[in-house]
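# Observations on the three-dimensional arrangement
What follows is each chain in one-letter form.
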Amino acid sequence: MSDIVEKTLTALPGLFLQNQPGGGPAAAKASFSSRLGGLVRGITALTSKHEEEKLIQQELSSLKATVSAPTTTLKMMKECMVRFIYCEMLGYDASFGYIHAIKLAQQGNLLEKRVGYLAVSLFLHESHELLLLLVNTVVKDLQSTNLVEVCMALTVVSQIFPREMIPAVLPLIEDKLQHSKEIVRRKAVLALYKFYLIAPNQVQHIHIKFRRALCDRDVGVMAASLHIYLRMIKENPSGYKDLTGSFVTILKQVVGGKLPVDFNYHSVPAPWLQIQLLRILGLLGKDDQRTSELTYDVLDESLRRAELSHNVTYAILFECVHTIYSIYPKSELLEKAAKCIGKFVLSPKINLKYLGLKALTYVIQQDPTLALQHQMTIIECLDHPDPIIKRETLELLYRITNAQNITVIVQKMLEYLHQTKEEYVIVNLVGKIAELAEKYAPDNAWFIQTMNAVFSVGGDVMHPDIPSNFLRLLAEGFDDETENQQLRLYAVQSYLTLLDVENVFYPQRFLQVMSWVDASLSFLDGFVAEGLSQGVAPYKPHHQRQEEKLSQEKVLNFEPYGLSFSSSGFTGRQSPAGVSLGSDISGNSAETGLKETNSLKMEGIKKLWGKEGYLPKKESKTGDESETPPIPQESIIMENVDQAITKKDQAQVLTQSKEEKEKQLLASSLFVGLGTDSTISLLGKADTASHKFRKKSKVKETKSGETTSIHNITCSSFSSLSNVAYEGHYYLNTLQDRGDKEIKTNSLNSELLDSESLTELPLVEKLSNCSLSTPSLFDDNNMEIFHPPQSTAASVAKEISLASSLLEETTDYMHSNLIEVCNNETVSVSSYKIWKDDCLLMIWSVTNKSGLELKSAILEIFPTENFKITEQPGCCLPVIEAESTKNFQYSVQMEKSFTEENLSGFLNYHMVDNSVQLEFSINLSLLDFIRPLKISTEDFGKLWLSFANDVKQNVKMSESQAALPSALKPLQQKLRLHVIDVIGNEGLLACQLLPSIPCLLHCRVHADVLALWFRSSCPTLPDYLLYQCQKVIEGS
Amino acid sequence: RAGRGGASAERAGRERKDKKMRFMLLFSRQGKLRLQKWYLATSDKERKKMVRELMQVVLARKPKMCSFLEWRDLKVVYKRYASLYFCCAIEGQDNELITLELIHRYVELLDKYFGSVCELDIIFNFEKAYFILDEFLMGGDVQDTSKKSVLKAIEQADLLQEEDESPRSVLEEMGLA
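Residues numbered from 1 in each chain as written. Chains lettered and ligands numbered in written order. Predicted model: local features only at pLDDT ≥ 70, side-chain atom pairs only at ≥ 80, totals over all residues. Heavy atoms only, no water.

Put simply, the rule reads: UniProt positions are given in the numbering used here, feature names are shortened, and annotations may be inferred rather than shown by experiment.
Looking at an unreviewed UniProt entry, one finds chain B named AP complex subunit sigma, with Otolemur garnettii as its source organism. Looking at the Sequence similarities (unreviewed entry) heading of the UniProt record, one finds this comment for chain B: "Belongs to the adaptor complexes small subunit family."

Right under this line is the structure:
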C-alpha cells in the first residue's frame, strides 16, 4: 500500500505554490478556494505555537461573528462548521459552535445536514444536554423517503444518542429492519447494537428480530448482527447454544468461498466476518464438550484454508488458535494449533513474532511444553531491541515462574523495570514481582532485597496493597517464630545499609515502610553515635544556645523525607514487626558500645528459611551446567512434537559459541521445572502454588502467638539492658514497667474471679492491694523524678475492672470507662476505648439481659472518611446466649486529621423471629490518638531543633500544682504525654499522634506560671495540644 | 464538555468492556494531528493529553519495530503510510493483526476515493475522510468489509454535492434511485 501513498509530499509549503496537490478529485479543488484552505495554509506556514494560537483566536472570533450574523446562510454555516472541526482538532475550544452544528443538521439540505451530523458526532458526547435538541431531527430524518437522509440519521444514532431518548426512535429503527435496501437494514442493526450496549433492557423484546437479521440474505446485514450476538453470548453463553449450528454453517460458507467476491480482502474471504465467528464459537464451546464437538470440523478447515499468503490470514490463524485453546480440547486440533504458534514465533516478521509470544503466553499454562519447544526464541526475545517484544516475553515468563526459576525471571523483570519510565509499566511489573516474590521467594535475603528494589523503583506509583501486604507479612509472620525474627532482622539490616548510601533518594512509601518496620529509628543511631563521638554535646535543657550549632547537623536532612516517628525503646510493641534495633538510650559512650554489640549479634544470625521447599544448594547452582538435566528431557519432548525445531535447537547447542552457551545456560535456569513431570503441577498452578510467604490462616492464633513472643523479646532485652546500662532511671523504668505488668496481671486475676460483674465502680481496694505488692515503686514520696508509673498503674488498675470479658491482650493497655451507648428491654450496648500503642481499639459490649438467645447478632460501624475501621476477628460469634455479654472489637486508625467526630453504628439481632436494630454513636477526639512518645533527652534535643511549628503560652497554675512534678502529673494521666526528664524547674514531655506524628513539649515553672512550649512537625498539633493542656491544668 | 463523565460513567464502563476500538488518530511525522475519532466518551483535557503522549511514543519508535504498543491499559496498533501515521487504540484482548488490516483497508478506501491519496488530501478534505471512516467503522466496529459498498454509499452522498444547487425534489429522487 505504502507505494500508493508514497507520493505524498515531504515538503508541504512548497506544494502550496502549485495549483493541485497529489491529483485529488474535484473536492480537493474546491477546498483551495475555500476559507478552510486559507486557514490550513495559514497554519502550516506558521512556525511557532504562539503564532498559531493567535491565528486561531482570530479565526474563532471571526467564526463567532459569522455564525451569529442573521445574514449567514446555511451554506456558509456548513463552511464554518468545517472550520470549527479543524480548530477543535488543533486543540482549541470551539464549543460556541456546537449549537450551530445541531441547527445545521436540523435545517440544512442534505449536504449541509451531512456536515451538521458529522460535527455533532465529533463535538458532543452521549450525555451532552445539547444532544436532546437533535432527537426531533433524527426522528424526522428516519421517516424521510430519502435513502441518504435515513442513512445519515442511522449513522448518527449508532454513534451518539441520548439513552433516555431511545424510546422515541426505537419503533422507527425496528421498522428499518424490514427495509428493502440492505444498507438501511444493516445500519438499523448496528443502531440496535448501540442501544443494546447502552441500554440492554430496552431492546430485549426484539431478540427475535436479531435472529431474522442473522438469517438476512445480505452478508452485510448478517455480519452486522454478529456484533450483537458476540456481545449477548459473552454475557450468557448458555442462552445461545442452539445457534451453534448456524454459526458453524456460516463459517463453513465463508471459509469455503461462498460469499460474493466483494467481501474478499486481498482474496481472503471476509476476514472480519471469520474472526467474529471464531470468537463466537470460542465462547459457545468453552467448558462444553458437546458444543465444542460441533465446531471441530470447521476449525480444522479454517486452519487448513488459511494459506499463508497475506498478513490477514495470520490474523485469522491467530484467532483460530485462540478459539481452539478456549474450547473443550481436542488433541489433534491442539497439535495443529501448537504448530501454528510455532510459525508465528519463528517468523522473521516482528509483528508475527510478537503475536507468537502473545499466543504462547495465552496457552502456556495449558501446555508448558510449548515454552520448552521455543525456549531459544524466547531467550532471544528477552534481549530484543524492541521493548514491546521484551515486555511480552516477560509476561510469558511470569506465567511459567516457579520456585526454581524465580530468581532468574525476577532478575530479568527488574532489569526491564530499571530501563522503563512509563508509569503504567512500572505499576504493572512491580505488582507482578511482588506477587512472585511472595509466592516463590527462595530465602529471606532474596525476598527482602527484591522487595527493596520494588519499593525503590515503584514506591511512588505502586498499588497500595503491595506495602501493606509486605508489612502484614512481616507483622503476622509464619508458623515459625524464629523465622519471623530473622526475616525482620534482615529487613532492618538491609534498610540500614540502604540509608548508609549517601545522596540517594528513596520514595516516600519506601521510607514509610522502613520507619514502620524499624519504628525505633535505629537507623539514626549511627548518626547519633557519630555525633556524640565527635564531641557534640548531649542535649541540655537550654536548647536555645545550641540551636545554631546543631542546626547544621545532618539530622535536619532527614526531615524532608517525612520519616515517621513512633515511640521507640525496648518495649518493641510499638513496632508491629516486633523488631527494634534500637536505642533511645544513647547519650554516653557505654551505650554506644551496647548498640554495637546489638547489631553485631544480629549479623551473626543465619538467615535461611530451612523450610521444606527451600534448597539453598540448588539455588546457588542455578545457571550452572549441573543444573541442565531438564534439557535432555525437553529434547525428547521436542522431538515428539516437532522434529525440525529440535534439530535446529540441537544444532545451536552444537555450535556452542560463547554467546550460545550463555543462552543455553539462561534457558536451563529459566525453563527449569517445566518438563513433563511438572506439567501437572503447572496446570494446577493456581491451586497448588505453595505460598512461601503465606500468611497464617488463623488470625487469632497468629496474634496471640506473636504477642507472647514479643513479650519474650521485651523481657530479654530488658534484662540485658538493665545489666549493662545500670543507670538510675532506666533501671527504674524497667522495674516500673515490670511493676505495671504485675499489677495488670494481678488485677486480671482478680477480674477472672469476678468476671460476671459488670460494675462500673473502680476497684480502688484492689488497686491498693496490688500496689502493696510493689510499694516502693508506687510511693507518692518517690515522685521527685517521675510520676508516670504510679499514675499509669493507677488508671490501669482503676479501669481494668471493667474489662471483665476482654481478650487477654487488650488488658495491657489503658482504657476508658464503660459507657452505655444504647439499650432496650433486651440488650444493652456499652462501649469503651482502649488506647493501644498503635491504634484505638473500640470495644462494644453487648449484654443480653433477656432469658432468650439472641441469634445472628451483628454489630457494624458506619465507615467515615476520617478513620480506618477494622473489625477485629475472633470475637463476634453471632449468637449471644441468654444473660450473657459479648464483645465486638474494632480497631480505629486515623486517616484524616480531625478534632472531634462521632463514630456511629448499629447492632442488629434476631430474637424469636424478629429482627431488631439499635443505633448508637460515640464521640472520638483527637486525644484518643495521642500516645506517649518515649524518647531520650538527647533525642528530644535533636528533634526539637528539627521541628518548625511551635506554639508558646503561659498558663497560671493553682497553688496545689506549684511544684513541677505535680503540674505534669495530670498531663501525663489525662493527655498521655510522656515525661522524659525533669531538670530543676524545667520539664520535657513528648507524645505522638498516631500513626507517627511527634509533638514535643517543654515546660518551665516561674512562681505560679507554667510556660508551655510545643513543637511538632505537624502545624496544627501544637495548637491543639496547648488547648488541651490548658484545659487540664486550669481544670484541675 | 468538561462535565463529561459522572452519570454516564457506569454506562461507559459497560461500553468500555465491549468497545474493541477506543479511538483512531491520524497524525503527521511532524506531530500534527490530522484526524481523530473517539469511540468512547473522553474529556477534552484527557483527549489532548492522550494524543500528545501517544504521538510522542509512536514517533519515537524505530522503523523496524513492532507495529503494536502497550500503552496505558490499551494496545496501540499503528502503521506509517508515507508521512502519515495511522494509529488505533484497542483492548489488549483484541486481535492486533486484524486491526492492522483494518487500518490498511481504510487507507485503501481513502486511496480509491481520492485517487492516490496523500496527506494533503486528508488535510484539506478531512470531513471526507471522516465520512469514509463513518461508513467503514460504526462505533469502532467494522460495518462493512466490502470496499465497493462503502464507496458506493459515499459517492451517493457526494453526488448530491455536485448537484449542490439543485432543488430538493431532484435530490430525493436520486436518493431513492
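Additional details are given in the paragraphs that follow.
## A closer look at the packing of aromatic side chains
Test applied: Two aromatic rings from Phe, Tyr or Trp, using only the six-membered ring of Trp, form a pair when their centres are within 6.5 Å; if the ring planes differ by under 30 degrees the pair is stacked, by over 60 it is edge-to-face, and anything between is tilted. Helix numbers and strand numbers start at the N terminus; a helix is a DSSP run of H or I with at least 4 residues, a strand a run of E with at least 2. Accessibility here uses a 1.4 Å probe with only protein chains present; expressed as a share of the type maximum, an area under 20% marks a residue as buried, one over 50% as exposed, and anything in between as partly exposed. Two conditions define a charge sitting above a ring: the NZ of Lys or the CZ of Arg must be within 6 Å of the ring centre, and it must be within 35 degrees of the ring normal.
One pass over the full model with this rule turns up 25 aromatic pairs over all chains. Pairing A:Phe84 with A:Phe96 gives two aromatic rings, centres 5.2 Å apart and planes at 75°, and the pair type is edge-to-face. Here A:Phe96 lies in the loop between helix 6 (74–89) and helix 7 (98–107) and A:Phe84 lies in helix 6, a separation of 12 residues in the sequence. Residue A:Phe96 is classed as partly exposed on the basis of its relative accessible area, which comes to 23%. On the basis of an interplanar angle of 20° and a centroid distance of 5.5 Å, the ring pair of B:Phe27 and B:Tyr85 is categorised as stacked. Taken as a pair, B:Phe27 in strand 1 (residues 21–28) and B:Tyr85 in strand 5 (residues 84–91) lie far apart in primary sequence, 58 residues in all. In terms of burial, B:Phe27 and B:Tyr85 fall into one category: buried. Through successive ring pairs, a cluster of aromatic residues spans A:Tyr86, B:Phe126 and B:Tyr130. A:Arg976 extends its terminal NZ or CZ atom over the ring of A:Trp835, reaching a point 4.0 Å from the ring centre.

## A short note on helix 36 (residues 658–670) of chain A
Owing to its 3.6 residues per turn, the α-helix brings residues three or four apart onto one side. Heads up, the condition is: Residue count minus one, scaled by 1.5 Å, sets the expected span of a helix.
With 13 residues, helix 36 of chain A should cover 18 Å at 1.5 Å per step; its first-to-last C-alpha distance of 18 Å lies within 8% of that length. Here helix 36 of chain A has its buried residues at A:Glu660, A:Lys663, A:Gln664, A:Leu666, A:Ala667, A:Ser668, A:Ser669 and A:Leu670.

## Observations concerning the pairing of strand 14 (residues 978–983) of chain A
Residues and elements named next belong to chain A. Worth spelling out the cut-off: The pairing criterion is simple: DSSP has to find at least two bridges between the two strands.
Of all six residues in strand 14, five are buried, a share of seventy percent or more. Note: strand 14 against strand 15 (residues 986–993), five bridges, orientation antiparallel. Across the sheet, the residue bridging to Val979 is Leu989, located in strand 15. Between strand 14 and the antiparallel strand that follows it, strand 15, lie two residues; Gly984 among them carries a positive phi value of about 60°.

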